[in-house]
Every structure is written in C-alpha cells, then in structure tokens.
Amino acid sequence: MAEEFNTDAMLDMFLYESTQLLEKLESIILEKQDAECFDDADINEIFRIMHTIKGSSGIMMYENITKITHKLEDVFYYLRESHPDNVPHLELVEKVLNVSDFVTAELDKIKEGEDPDGDESECLEDLDEFLTRLKGEIQDQGKQLPKERKSEEPKQFYIAPVAGEDSRFYRIVIHYRNDTMMSNIRAYSATFALKEVAEDLLYTPEDIISNEDSADVILLEGFHMLLQTKVSKEEVLDLIDNCSEADHIDIEEMSSEEFGMALAEIGRGDIPSSPSSDGTESETEETKESKHEPEPGDYVVKSKETGKGRTLAKNQSKQQTIISVNVEKMDALMDLIGELVIAEAVVLQNPDLQVPGLELSNFQKAAGQLSKITTELQDVIMSMRMMPLTNVFLRMKRIVFDVSRKLGKDIELEVIGENTEVDKNIIEHISDPLMHLVRNSVDHGIETAEERQAAGKWEKGKITLEAKNEGGKVYITVRDDGKGLSKEKLYNKALQNGLIEDKPMSEFEESEIYRFITLPGFSTKEVVTEYSGRGVGMDVVVKNIQTIGGRLDIDSEEGIGSEMTLVIPLTLAIINGIVIKVGHSSFVIETSSIKEFIRVGDDAIVEDPSGEEYIVIRGEAYPFIRLNKRFSLPDSQDKVDNGIVVILEHEGKQICILIDALLQEQEIVVKPIPSYIKKIKGLSGCTQLGDGSIALILDIGSLVQDEERR
C-alpha cells in the first residue's frame, strides 16, 4: 500500500519551488504594474503559480498559505473565465503583492525552523471584498459568472479493499511534461486528492515521498495507479486534473477480476500496462516479435524484491539538467579548492626542487597537467557560484513601487545590466546596502510632483539602476534625477552635529563633503519618517560594502540629481595576481590593475612645492608612491634606477609605484586580514604563498583615492 506520509523529505523541495514561483510572480506583477491590465498569458501564469503553491502547501499541511493562495487563485479564475472590463489594475497589483509578502514571510519562518503561524484573516477579508466587487462588475457588464469552484476539505480516509456492488475499478497512468519539476510531489498530490473517494488505492513508484529519484522514473514511465472507488471516470479525472497539473492522463475502467490480476502483478513487482487506444490491454504479433535480449542502449530492468515496483533505467537524454545544491556545500567546496591552490603552490615552489642539475622533466610535465586541472576546476566552481543580479534588481523594483506609492510620488525605475553575474556570497552582502540606496533615492532624492513641476522638470521622477562588470570589479549604480545634494547643507549639518572638524568648507574636497552622509548619525531629514530621518542606514551601507573589499562612490549636482555607485569585487575567493618584493616583504597586485612594468632613472622624478613626488614617463606625469615609505619597510630599494616602476590603473586613473623585484604570477586565494591587526589603508587582504610565507594584497583603488586627495 501507499507509504506513510512524511513531509520532512519534501520540505527542501517545497521551499525551493515556492520561492522560485514567488520570484516569478513578482517579476510578472512589477513588469506590468504600469499597464492598463494583465493580458491572458499573465492571468493564466499567475493562476498556475497560485494553484501550484496552494497544492504544495496543502500537502505540507500549511493551512494559512493554502487558504490565502486559494483565495487569490479564485480571483484569477474569475478573471480568466469572464474577462471582465474595468478591473482596478493597480489595486489588483497591490492585492497580489500582499499575498506574495504574506507567503514569503511564512516561508522565511519555515526556513528558520519556526511554525508558519501568520494570521491570514485580514488578507482573506480583503480578497473576499475585492472578489465580491469583481463578481458584481462581471454581472453589471451582462456577462455570466463562471461555474463555482468547490474545494472541500478531505474527509478521514480509510481503506476498504472488499468491493461492493457499486464499486468501480480503474487503471490510471499520469504523464507529465519533461520539464516538470518535483513530479513525485505532483504524483502525491494526485493520490492525496483520490483518498477522499478511494476504497482501495495502490501506486508505483511507491517511494515518491522518501526517494527524490522517483521523480525521474515518473517523468520517464508515467505514474501508475490502481483505484477502487464508487465514483465515475469523469469525477476521478476531475479530481486528478485539479491537483496534479498533468500533461495528459490515461484512464481505463476494469472489471473486478482484471483489477485483482493487476494487484497481483504489482505484488510480483510488475508495472501495470498502460491502456491501449480501445481501452483494453493487447499485445500484437508485431510487439511480440520486437521482444529481444537487451542490447547496449536499451532499457534495462533492475529486479527488485517481492512487493516492490520495478525501476526502468536507460541511457537516455537528460530529463533534468538543473539540480539545487545546499549553499554550505558550495562554500565548503570553494574552501577546499582554495586550499588545493595553496597546496599546489607549495609543491611547485618547493625549495627542494631548486637543486642544480636535478633532472625534473617528468615532474614538470606532471606539474603542468596538475596546474591545468586545478585552473579548470576553479573555473567550473566559480561559474557554479556566479549568479545574475536579476533577483536583487527585482526586489529593488518592489521597493520603488511600495515606497513611491506610500509617499505619493510617481517614479519610473529603469534597470540596466540585470544579467551581470556576481559571486553568490557577494550578492548576499549587497542586497541590504542596495536597498538603502534605492530607498534613499525615492525618499530623499526624487521631489514631489509639485516641486518637480516648479523646477521645470517632468512630473514623473526617474531612478536608474545599472550594473556592469569591468576589470574584475562590479559597478552597481543608483542614479536619480532628483534635487541632488547641497554641499552647503551637508557641511552645516555635519558641523552642527559635531561630526567633522571645525574648519572652513573650502578646505574639504567635494567628494569628502558628499561622504558626510555616510557618517553615523547624519541625516538631512528634518522630520523622521518610516523610511528616513534617524541618521542610520548609510553608515551601515559603507560598513557592509567594506567588509567585502568594496567601496561607495558618491557624486551629485544640486538640482540635477545624484549618483551612488557600489564598487565591489567580482568574487571573494580566487584572483590572478603578480607577487612583488619590497625589502623583505611580499605583496600581491591583482593582474587586471597592472598596465605596465618599466625601468626609468632618478631624473624622471619631479617634486612639487608641497613635497609630493611625481614621475614623468613619455611626457606624462603620474602620482608616484614609494611603497617602502608608505608602509615603513627597511632594507628596501630607494633609488629608482635600481628598482622597477609599476604603472597601475583604476577606473581610468593611473598611478605609479616603486618596487624592488617581480617574483611570479600565480592564482591567489584571498584571505581577510585578521581582526586583531590594525586596518591599514592601501591593503585589502592577504594570502599564503607557496613557501608558506604571507603576502599582503594591495588595494589599488584606495591608493588611487589617497593620491587624488593630496
């Protein structure tokens, strides 16, 4: 008989699928928020999403999620069947987003191991009132209401194998599309729906809940059931079709004797045959002749113990090309690959290999192969960890929609480069900072319609969210056409709150004044609102970005608008770098930042009246940094003639540094500088070299910024 129902085995699949469906739902809603109405394709898709979440949550016995999704499904059922005119589109958008928020909050509770105990009553009343108005609109337009959809709670189920005079017997095969996810749960939905009317019910595969691999078997062979009941074939089809989302269903009515034989077949481990086109089982002469011994590529029947169904395996084309993997496993794999890179460097740079005259040709061949495999392994795991910013940008659309509605502002959000890919860990760190920046643009940046009209602007404000990948960095820009930042106002507010030194505004660089808004406790809002005015947020943004080696750039023009740019690394894991030597210390420079290595004489150095040094190369003067002086390193090369000058480039700006020697190029596993070491400007992390020593990673962006300020 059927296995005992256990939701634990399905929980991860339920959470994964429901989250994916909700993201798709919000994408549809926010894309059509400014349209006049949803088209038929959107209505059908939203109906399907609600229907799927309702069915899955019903199986998992999360009643509040089931009720609220079922009610929204009813709304879209009437929209789909009646096609009413004059539906309040924006109100409907808000209803859908409210349901999405409720379900998302309940899923978050489940992920944290808590019970989904949210009160859905208020939302249900709201949807009921909307649905009542919708039905009234349908009738007022002279259209007929579609047939009422009834959904009864399942009654207590019991099995009574003894057939009565009015018992009927069916052989059922459910077929799903090849791209159906979680087909085993869809199959269980069908059995769950039939329990209400079943006198006896058997199915194969029988381990659809405890064995995720059963999903592949179902997609390949179909889901087979034997049902004893008192209801008609049409009622059985209706019950299955309303819950399983099958591609098509084959159902054959049988006699009591045929049903008994079919039960015996399952007992022997045979899978019941699918019904033929005329409703009978038949085996033609052609079919008999086609039977032969298995050959390579054929189906291979794996025998199982008595009472178990048989599984068919075949060297088939891939049915499912995507699997979900726990992120912790990916992180562990990434860490292991990082250690493998370090171990490879230790082996290949071992001092024992430096013995003169040592024959190492075979070793070098093996080492080359090892390096090739290690590099390919890194590329594969990095590509697995890279995710597009699509979902993050989708959440920003939602924030603009919600906040602008509550503040009474009409704002358009333009999204550029949402397919830019970033390491998953990076995405987790930037979601909150980006949310603060977007919310600030809506609240602080964009003016009200009256203010914009008075300033000669278009009444509808515009926020642009743009992402691009350049030089191993990701640039995410939030740009608005609002009122911009007032340098005088920022300076006066910071001075008034005691956040800066008491010195004239002229002594501060423009970029420094804009950075006042990132100081803890700073706010230009006179009135505290739900979204701003407390002086917290921007300082948190900067701290979160700095923890992943990023920075926040701010630019603005009063009356024109503001631009906030998050500059973040593409990944936190492994980079290509050049190892350099200064004195007895080793440093690493990211390869993408290096423009040129060059040797010049001391006569190329010029000094300005303030004592700052510049170096002239091919007629151009570059800011010049002696790393030995910057980091107080003794026993290092101070004469330019004897050292090497490295030209570095960052965001179109160039500086030069003086080093003693180049050591090697290698892949670097980035490690954070320990918290007990004082943070030093110009350094972003550290790494372990092949000889076991530690090298510090130069932060080129920080060095360039320091030179700009001087």
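Residues numbered from 1 in each chain as written. Predicted model: local features only at pLDDT ≥ 70, side-chain atom pairs only at ≥ 80, totals over all residues. Heavy atoms only, no water.

**As for the overall build of the protein**
The number of helices and strands found in the protein is 20 helices and 24 strands. Put simply, the protein has 710 residues, and 44% of those count as buried. If you take every contact in the protein between residues at least 6 apart in sequence, the share linking residues at least 24 apart comes to 71%. (Helix = DSSP H or I, 4+ residues; strand = E, 2+ residues; numbered from the N terminus. Buried < 20%, exposed > 50% of the residue type's maximum accessible area, 1.4 Å probe, protein only. Contact = heavy atoms within 4.5 Å.)

**Focus on the pairing of strand S23 (residues 683-688)**
Along any regular strand the residues' side chains alternate between the sheet's two faces. Bridge analysis of S23 against strand S24 (residues 694-698) gives five bridges, and the strand direction is antiparallel. Counted as the bridge partner of Gln688 is Ile694 from S24. Counting the residues that bridge the hairpin from S23 to S24 gives five residues, and of these Gly692 lies at a positive phi of roughly 90°. (Pairing = 2+ DSSP bridges.)

**A few points about the pattern of salt bridges**
It is possible for side chains bearing opposite charge to pair when their charged atoms get close. Here the structure, examined in full by the defined rule, presents 35 salt bridges. Asp42 serves as the salt-bridge partner of Lys32, at 2.4 Å between the closest nitrogen and oxygen. With a gap of ten residues between them, Lys32 in the loop between helix H1 (11-31) and helix H2 (40-60) and Asp42 in helix H2 connect regions that are remote in the sequence. With respect to burial, Lys32 and Asp42 carry one shared label: buried. The salt bridge involving Glu106 is made with Lys109; its shortest N-O contact spans 3.2 Å. With a gap of three residues between them, Glu106 and Lys109 both fall in helix H4 (residues 89-111), about one helical turn apart. Among the residues examined, Glu106 registers a relative accessible area of 2% and is labelled buried. The network of salt bridges with common partners includes Glu91, Lys95, Asp126, Glu129 and Arg133. (Salt bridge = Lys/Arg side-chain N within 4 Å of Asp/Glu carboxyl O.)

**Observations regarding the pairing of strand S3 (residues 223-229)**
Of all seven residues in S3, seven are buried; the element is thus mostly enclosed. Every second residue of S3 is oriented toward a common face, with Phe223, Met225, Leu227 and Thr229 on one face and His224, Leu226 and Gln228 on the other, all of them buried. Where strand S1 (residues 168-175) meets S3, seven bridges bridge the pair, whose relative direction is antiparallel. Bridge assignment links Arg171 to a residue of S3, and that residue is Leu226. Where strand S2 (residues 198-204) and S3 come together, six bridges link them in antiparallel fashion. By the bridge assignment for S3, Thr204 is matched with His224.

**Quick notes on helix H12 (residues 361-385)**
Because each turn of an α-helix spans 3.6 residues, side chains separated by three or four positions in sequence point in the same direction. A rise of 1.5 Å per residue sets the reference length of H12, with its 25 residues, at 36 Å; its end C-alpha atoms lie 36 Å apart and thus fit the reference within 8%. Regarding H12, the residues found buried are Ala367, Thr374, Gln378, Ile381, Met382 and Arg385. Against the buried residues of H12 lie helix H11 (327-348), strand S7 (386-388), strand S9 (421-423), helix H14 (424-445), strand S14 (574-582) and strand S22 (661-669). (Expected span 1.5 Å × (residues − 1).)

**Some words on a negative patch on the surface**
Taken together, the side chains of Asp34, Asp410, Glu450, Glu451 and Glu459 define an acidic patch exposed on the protein surface. Following the sequence through the fold, Glu450 ends up in helix H15 (residues 449-454). Its relative accessible area of 60% is what places Glu450 among the exposed residues. (Patch = residues over 30% accessible without salt bridge, like charges linked within 9 Å, V, L, I, M, F, W, Y side chains within 5 Å. Areas by Shrake-Rupley, 256 points an atom, 1.4 Å probe, with all protein chains shown as cover. Lys, Arg positive; Asp, Glu negative; His and termini not counted. Charge placed at Lys NZ, Arg CZ, Asp CG, Glu CD.)

**Some thoughts on the packing of aromatic side chains**
In this structure the tally under the stated criterion is eight aromatic pairs. Arranged with centres 5.4 Å apart and planes meeting at 85°, the rings of Phe508 and Phe516 form a pair that is edge-to-face. Judged on exposure class, the residue Phe508 and its partner Phe516 are both buried. Among the aromatic residues, those joined into a ring-pair cluster are Tyr491, Phe508 and Phe516. Taking NZ or CZ as reference, Arg80 lies 4.1 Å from the ring centre of Phe47, over its face. Its end group placed over the ring of Tyr475, Lys468 keeps NZ or CZ at 6.0 Å from the ring centre. (Phe/Tyr/Trp six-rings, centres within 6.5 Å; stacked < 30°, edge-to-face > 60°. Lys NZ or Arg CZ within 6 Å of the ring centre and 35° of its normal.)

**Points about the sheet that holds strand S8 (residues 411-416)**
Paired through backbone hydrogen bonds, the strands of a sheet run either parallel or antiparallel to each other. Strand order across the open sheet formed by five strands is S8-S10-S11-S13-S12, with mixed pairing between neighbours. Two strands bound the open sheet, and with one partner strand each, they are S8 and strand S12 (551-557). Averaged over all pairs of adjacent strands, the angle between their axes in this sheet comes to 15°, without regard to strand direction. Alignment of strand S11 (residues 473-480) against strand S13 (residues 561-569), held across eight bridges, turns out to be antiparallel. From the neighbouring strand, Val474 faces S13, where its bridge partner is Ile568. Packing against the sheet, helix H13 (residues 390-407) makes contact with S8, strand S10 (461-470) and S11, and its axis sits at approximately 170° to S8. (Axes fitted to C-alpha atoms, helices over the stretch in contact; angles between N-to-C directions.)

**Here we look at the nonpolar core**
Grouped together as the largest cluster of nonpolar side chains are 45 residues, with contacts concentrated most on Leu389, Leu434, Ile476, Phe516 and Leu552. Among all residues touching Leu389, those that are not within four sequence positions of it are Glu418, Thr420, Val422, Ile427, Ile430, Ala467 and Ile476. Core analysis: the next-biggest nonpolar cluster, separate from the first, contains 43 residues, Leu22, Val96, Leu134 and Leu394 among them. (Core = buried A, V, L, I, M, F, W, Y, C linked by side-chain atoms within 4.5 Å.)

**Focus: H2**
Between its terminal C-alpha atoms H2 stretches 30 Å, which fits the 30 Å expected from 21 residues at 1.5 Å a residue. By the criterion of burial, H2 is predominantly enclosed, with 15 of the 21 residues buried. Where H2 starts, the residue carrying a side-chain oxygen 3.2 Å from the main-chain nitrogen of Ala41 turns out to be Asp39. The positive-phi residue at the C-terminal boundary of H2 is Met61, with phi of around 65°. (Polar contact = N/O pair within 3.5 Å; in protein donor to acceptor, adjacent residues only side chain to side chain.)

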